[in-house]
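Report on the structure
Each chain is listed here by its residues.
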Amino acid sequence: MNHFTKGVNSMVQTRREFIKNASVSAVSLSLSRLSFDASAQSGGVAPATVEYGDWRDVYKNKWAWDKVVSSTHSCNCNHNCSWKLYVKEGIVWREEQNATYKHLHKGLADDNPQGCQKGAAFSNQMYSENRLRYPLKRVGERGSRNWKRVSWDEALTDIAKSTVEVVRDEGADRIIIPMATQGTAAKSRYANAIGGVVIEPYGDIGDAHNGASMTTGTLFHNATSDSRMMADCIIMWIYNPSSTRIADAHHLSEARYGGTTIVSVSPDQNPSHMHADYWVNPEPGTDHGMALAMAHIIVRDDLYDEGFLREQTDMPFLVRMDNKKFLRASDFEADGSDEVFYVWDRKTNKAVQPPGSMGSADKTLILGDTDPALEGKWQVNLASGESVEVTTVFELMKLSLAGNTPEYGEKVTGVGAKTLEKIAAIYANSETALIQCGWGMPKIYHGDLLQRAIFLLSALTGNTGKVGGGVFVGGIVESGSPITFPTKYFNGKHRVIPGATWLYVHGGLNKVSSRWTPVPGEKTADEYIMEGLEKGWMPIWPKPGEDPRILIECGSNLLRRTRMNHVLRENLWPKLKLVVTIDFHMSSSALESDYVLPAAGYYESSAIKYSDSASPYHVMRQQAVEPIAESRQEWWIFAELCKRIQKMAPGMGITQYEDKDLGLTRDLSDIYDVYTENGKYPEDVDTMEFVKLEMATSPAYKGIDFEEFRDKGQVNWVNEGGRRSPTSRATYEFTPGTPHADSSDQVSKKMPWFTLTGRTQFYLDHDWFLEFGEELPVYVPPPAMGGDHPFRLTCGHARWSIHSFMRDNELMLRLQRGEPIMYMNDEDAAERGIEDHEIVEVFNDVGSFKVHIKTTPLMQRYQLHSYHAWERYMFTGGHSHAAVQASQIKPLGMVGNYGHLKYSVGFYQPTNVDKGARADVRRLAG
Ligand code: SF4
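Residues numbered from 1 in each chain as written. Predicted model: local features only at pLDDT ≥ 70, side-chain atom pairs only at ≥ 80, totals over all residues. Heavy atoms only, no water.

Describing the nonpolar core
Condition: In this description, a nonpolar core means a group of buried Ala, Val, Leu, Ile, Met, Phe, Trp, Tyr and Cys residues linked to one another through side-chain atoms lying within 4.5 Å. Here's how the labels work: a residue is buried when its accessible area is under 20% of the maximum for its type, exposed when over 50%, partly exposed in between, all with a 1.4 Å probe on protein chains only. An automatic or database domain assignment supplies the residue ranges for each domain.
Judged by nonpolar contacts, the single largest core of 201 residues is most densely connected at Tyr190, Ile235, Trp237, Leu597, Leu668 and Val842. There are two domains that each give this core at least three residues, and those are domain 1 (136-205 + 479-675) and domain 2 (791-923). Core analysis: the next-biggest nonpolar cluster, separate from the first, contains 27 residues, Val69, Ile91, Trp93 and Phe805 among them.

Given below as structure tokens:
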């Protein structure tokens, strides 16, 4: 079935016809293909006759190739899989894993081969009927699916004209380009050249691990995947690697084979549980109740590591009992620092300043002669003349944890008290224990509290910094394209902004998403969020009250990925004068666009895929074939757009314009020159030039030979490259040939953490945290997002898609039910008379959608689970599961004026959530 073809007959084709019309070979690997010649397909030369003798030649020809190219997929799967692409007659016919990875660490399992079924099917996706091949212009209402083919010149000239008008009449900050995993460098460069707004996805899609950032100042905590084999206990917390990290999930099984105890924590029984020793299932959204009960048990039973707490955490830091604020140097001297703190030294029996905080000149965690007390209460005399009582964070933590008994944990999570005792004992008594956090964690409203509690478990037991231990969160990104900024505007200033608040203000999500959260005190959630914006804690453009005008979706897909995207469609789209989608497949956003422009796919341009420390290899994506039909590389598309803007702007009455917010003078009449660096990188540049440029400029590739890298497809990391770059605030020391530990910089080398106190910080004395009662990790029940309904929603990355572009792939759909489904407990279904695969309506206070129900005992009672990334057009009625994902921004993610709690790209920011939202189900029949 093709979902997009109303009005575009040419798109309704078989794969064979598709390839034929794409001006590449139209043959399949069968007898019939042997009557064609590759050059004839692409160059218009008359077909040659292929000589063959008998069936053996046919078979041999089937497995003969013109060339084999190493490449990969630049999607955000956090894997570095090198593939061999078999190319014949201008077509990529098949992929095969490139098993050339050098064994990293003797004694641990190697990484060969790396890959997943989506990678193996990408050539199928590349030539599928959903592949975009020609520029299309909407001819009916937006979303009517009536298109006409237009030339690139017509499309780009029209887009350029609208762009000049918007910049001239309303300002460049009305042009919006969401960040995504595709086409990043070209579109970011265009945005930086024109002064447009890039909305980043971390918080928008719910990937901002704020709990990690609150505690350690960074969300990048990871180590080589094989280091997990050195753990004695691994807790996979909301982590389902058998579905989501297929390329390296084997290290967990290998660890278990070697004796590691594996515990899986997740509400539903997911495919990873069969590889675990224990499965624990808190009710959705209540996991922090489990982590805090474990912390209670560890403290109660004196299983904590005092030395670690004294040196590496804020546990010995003194807190004033009168106002619950840290005791600071500014309390003793008028010009004292707000970023210098105190511990109580047991040797001298007085308050002393430990080194390593943000305000300290001494950038080390080494305590020297100081012997900080963890427990006690003391009086101190302040400069004001007051005498105040102070105590330690540890004392306050113990007091707070006193209520988190196993029995209380059972009450709030549904996990039995005895089970909590058992899991806590296994974890605390393991010599090396690891908690691996999944990307689902920040998608819980109180995911920050959960992650803070998890870091607390690791700190209490002294596991942080051990090889194979600690907490793994996110990935450590290494390198990135050097062409993101044009030289003329390379001043470090840009308009990359948090996505969640942008959608809240400009996407209309504020109309529905601020109603359920019980915020203590008098302020509503909306008041907190708007106050944070007004104070400039989170940047936003256009400013509230001014409307966005042009949306360019290049590889992004807001109408799929945004929770409550029907609200977005209703509120944002009418404000937009122009919506453009640049993609290689017809997405949910493309269907609602004015222009749809076909982009080249992964095998049709070259790049280096960013890598992360879990899989410490650099992988080169090499262009194997020319872009299909009239599709073009993103570099070409934006260069040609700039060319037209540069040409027409003077005649339309605008050249220079002041970008006052960023202190820049921009000029539309030189934008093509700026974009191409005065013709150095023209529209038809060979993208391999950018690979060479990246290797020449990034420290990550120092010492790596280009030709060896290109020929092999992948090379081992030789150093940690840019781990100290603004986009990679990592905490490890990398030594080739050694499995590294996360946080080794701090634990081994005694470098301060990236926090206000310079320690893993569990006490946050910001006013808002105190108002919320969340200065420490505590249990707070999840809000009833979506209204008062009996079911709780959960979601997760799917086994059959790496983000949305593979969600409707025919090979992937064949491996499941072939259409969207939602999982429901079989007893819940029976009570409601719902049969397996029956279509039901799922609804709550913000929306509804229709979906097939899959009945299963793998789900909890009153849980509804949908794997992610279904496109809207795959559902009857055009609404997906996102219609009921009643996301609520937690106001504490807005804080931006507190030491390490401030916005920077990819780090601390408000985040959208979905897990635990409420909904109900009704039958459509009977
Ligand atoms: S999609 Fe990602 S995980 Fe899958 S094969 Fe490609 S690079 Fe590997």
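What follows picks up the thread again.
Structural notes on the environment of Ala180
The condition is simple: In this text, helices come from DSSP runs of H or I with a minimum length of four residues, and strands from runs of E with a minimum of two, each type numbered from the N-terminal end. Whether two residues touch is decided by their heavy atoms; if any such pair falls within 4.5 Å, the residues are in contact.
Within the element layout of this structure, Ala180 appears in the loop between strand E6 (175-178) and helix H7 (184-194). Put simply, Ala180 and Val388 are 208 residues apart on the chain and 51 Å apart in space, counted from C-alpha to C-alpha. The residues touching Ala180, leaving out its near neighbours within four places in the chain, are Lys187, Cys554, Gly555, Ser556 and Arg561.

Notes on the sheet that holds strand E11 (residues 318-320)
We apply this condition: A pair of strands is considered paired only if DSSP assigns at least 2 bridges between the two. Geometry is summarised by axes, namely lines fitted to C-alpha atoms with helices restricted to the contacting stretch, and by angles between N-to-C directions that run from 0 to 180 degrees.
One open sheet holds the three strands; their spatial order is E11-E15-E14, and the pairing between them is antiparallel. Each of the sheet's edge strands pairs with one partner strand only, and the pair in question is E11 and strand E14 (377-381). Recorded for the sheet is a direction-independent mean angle of 40 degrees between the axes of neighbouring strands. Here five bridges tie E14 to strand E15 (residues 387-392), and the two strands are oriented antiparallel to one another. Considered in E15, the bridge of Lys377 is made with Thr391.

Some thoughts on the pairing of E15
As paired elements, E11 and E15 share three bridges and run antiparallel to each other. Pairing of Val319 across the sheet is with Thr391, part of E15.

Topic: the side chain of Gln860
Using the following cut-off: Any pair of N or O atoms that falls within 3.5 Å is considered a polar contact. Within protein, one atom must be able to donate a hydrogen and the other to accept it, and sequence-neighbouring residues count only if both atoms are side-chain atoms.
For Gln860, the location among the structural elements is in the loop between strand E32 (848-856) and strand E33 (863-867). At 3.3 Å, the side chain of Gln860 forms a polar contact with the backbone oxygen of Pro267. Not counting chain neighbours up to four residues away, the residues in contact with Gln860 comprise Pro267, Asn281, Pro282, Glu283, Pro284, Asn825 and Asp828.

A short note on the domain arrangement of the chain
Reports of interface size often rely on the accessible area that becomes lost once the parts have come together. Going by this rule: Buried area is understood as the total, over both parts, of accessible area removed when two parts are fitted together, assessed with a 1.4 Å probe. One side-chain nitrogen of Lys or Arg within 4 Å of one carboxyl oxygen of Asp or Glu is enough to make a salt bridge. Gly is placed with the polar residues, together with every amino acid not listed as nonpolar (Ala, Val, Leu, Ile, Met, Phe, Trp, Tyr, Cys and Pro) or charged (Asp, Glu, Lys and Arg).
Under the domain assignment used here, the chain contains domain 1 (136-205 + 479-675) and domain 2 (791-923). Taken together, the 47 residues of domain 1 in the interface contact 37 residues of domain 2. Here domain 1 meets domain 2 over a buried area of about 3400 Å², counting both sides, of which 60% is carbon and sulfur. Looking at the side of domain 1 facing domain 2, the largest losses of area belong to Trp537, Arg560 and Arg563, adding up to 21% of the total buried there. Along the contact surface separating domain 1 from domain 2 lie two salt bridges. Put simply, Asp914 and Arg563 hold a salt bridge, and the shortest N to O gap is 2.8 Å. Taken together, the links from domain 1 to domain 2 amount to 17 residue pairs in polar contact (both at pLDDT 80 or more). Of all the secondary-structure elements, those providing two or more residues to the side of domain 1 that touches domain 2 are helix H8 (201-204), strand E19 (496-498), helix H18 (499-506), helix H19 (510-513), helix H20 (525-534), helix H21 (558-561), helix H22 (565-571) and helix H23 (588-591). Of the residues contributing to the side of domain 1 that touches domain 2, the split by class is 23 nonpolar, 16 polar and eight charged.

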